[in-house]
Amino acid sequence: TTVIYGMCFDGSVVRGRGDDGRILHFSNTRATGHVAQPELNYQRARQMGLSRFRDTVLWDETNRRPDYLWLNRLQAVSHGQIELVLNHYGLPEWIDEAMFWNGQAAEAMHDLAYSIARHYAGAFRSYNPGVELGIWTDWIAAPNNRQWPFGGRDWWAVYQQTSAITIAKGLKAGDANCLTAMSEP
């Protein structure tokens, strides 16, 4: 029996309010310092015997596209072992609230996923279009209403949007052979 060990570099994005109502706005990839040293982090992880990883896309907000410098670094350390996450509670910040609710966010994520999969065909073990979709939906929906875009809508109205955003059609259109996965606790 072969035992495989892995880990997640938490790339969740929080754009919302804490339990105390305080405004929170951060990316764990940046907040933990991982963005500054992924090469060292992967080297250390492999020294510990780990060989499966999950990491997250960052966005070039100015140019409204994936951060290709970041993705190139991940590609270089992937060795076919990284599951690349497109959305862990957060969308590119140029996607506004109206786009979230009218379906344009889903269209934009389809196009961004296509670009990534086409550009990095075969570079990553798999793609995860949306980590913890139920939790993300719950944080946006009433009564929680803690995560952008807030809105105070019922769970199913929010889920209609979040699930459309995480459909992997763009990934498969960009790389028909790519593997996809979803992680839901």
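Look up: the structure comes first, before these words.
Residues numbered from 1 in each chain as written. Predicted model: local features only at pLDDT ≥ 70, side-chain atom pairs only at ≥ 80, totals over all residues. Heavy atoms only, no water.

**A few points about empty space enclosed by the protein**
Counting across every chain of the model gives 1 cavity of 30 Å³ or more. Within this model, the largest cavity holds a volume of roughly 40 Å³. In terms of lining, the largest cavity is formed by L86, M109, H110, A113, P129, I165, T166 and I167. If you tally residues by element for the lining of the largest cavity, the top one is helix α5 (residues 104-119), at 3 residues. Looking at the lining of the largest cavity residue by residue, the classes come out as 6 nonpolar, 2 polar and no charged. (1 Å grid on protein atoms, 1.4 Å probe; cavity = no way out; pocket = protein on both sides within 12 Å on 5 of 7 lines; lining within 4 Å. Points joined across faces, edges and corners; volume = space filled by probe spheres on them. Helix = DSSP H or I, 4+ residues; strand = E, 2+ residues; numbered from the N terminus. Nonpolar A, V, L, I, M, F, W, Y, C, P; charged D, E, K, R; others polar.)

**Concerning the packing of helix α6 (residues 133-140) against helix α7 (residues 155-165)**
Direction vectors running N to C along α6 and α7 enclose 135 degrees, while the axes themselves pass 9 Å from each other. Classed by the angle they form, the pair α6 and α7 counts as oblique. In this structure, α6 meets α7 at a crossing whose hand is right-handed. Contacts between α6 and α7 involve L133, G134, W136, T137, D138 and I140 from the first element and W155, V158, Y159, T162, S163 and I165 from the second. (Axes fitted to C-alpha atoms, helices over the stretch in contact; angles between N-to-C directions. Parallel < 35°, antiparallel > 145°, perpendicular 65-115°, else oblique. Left-handed = near helix turned anticlockwise from the far one by under 90°. Contact = heavy atoms within 4.5 Å.)

**What about the pattern of salt bridges?**
Using the criterion set out here, one finds 4 salt bridges in the structure. The partner of R146 in a salt bridge is D19, with the nearest N and O atoms 2.5 Å apart. Placement of the pair is R146 in the loop between α6 and α7 and D19 in the loop between β2 (13-17) and β3 (23-27), with a sequence separation of 127 residues. For D19, a relative accessible area of 74% corresponds to the exposed category. Across the salt bridge formed by D20 and R22, the nearest N and O atoms sit 3.4 Å from each other. Classification of D20 by relative accessible area gives exposed; the value is 57%. (Salt bridge = Lys/Arg side-chain N within 4 Å of Asp/Glu carboxyl O. Buried < 20%, exposed > 50% of the residue type's maximum accessible area, 1.4 Å probe, protein only.)

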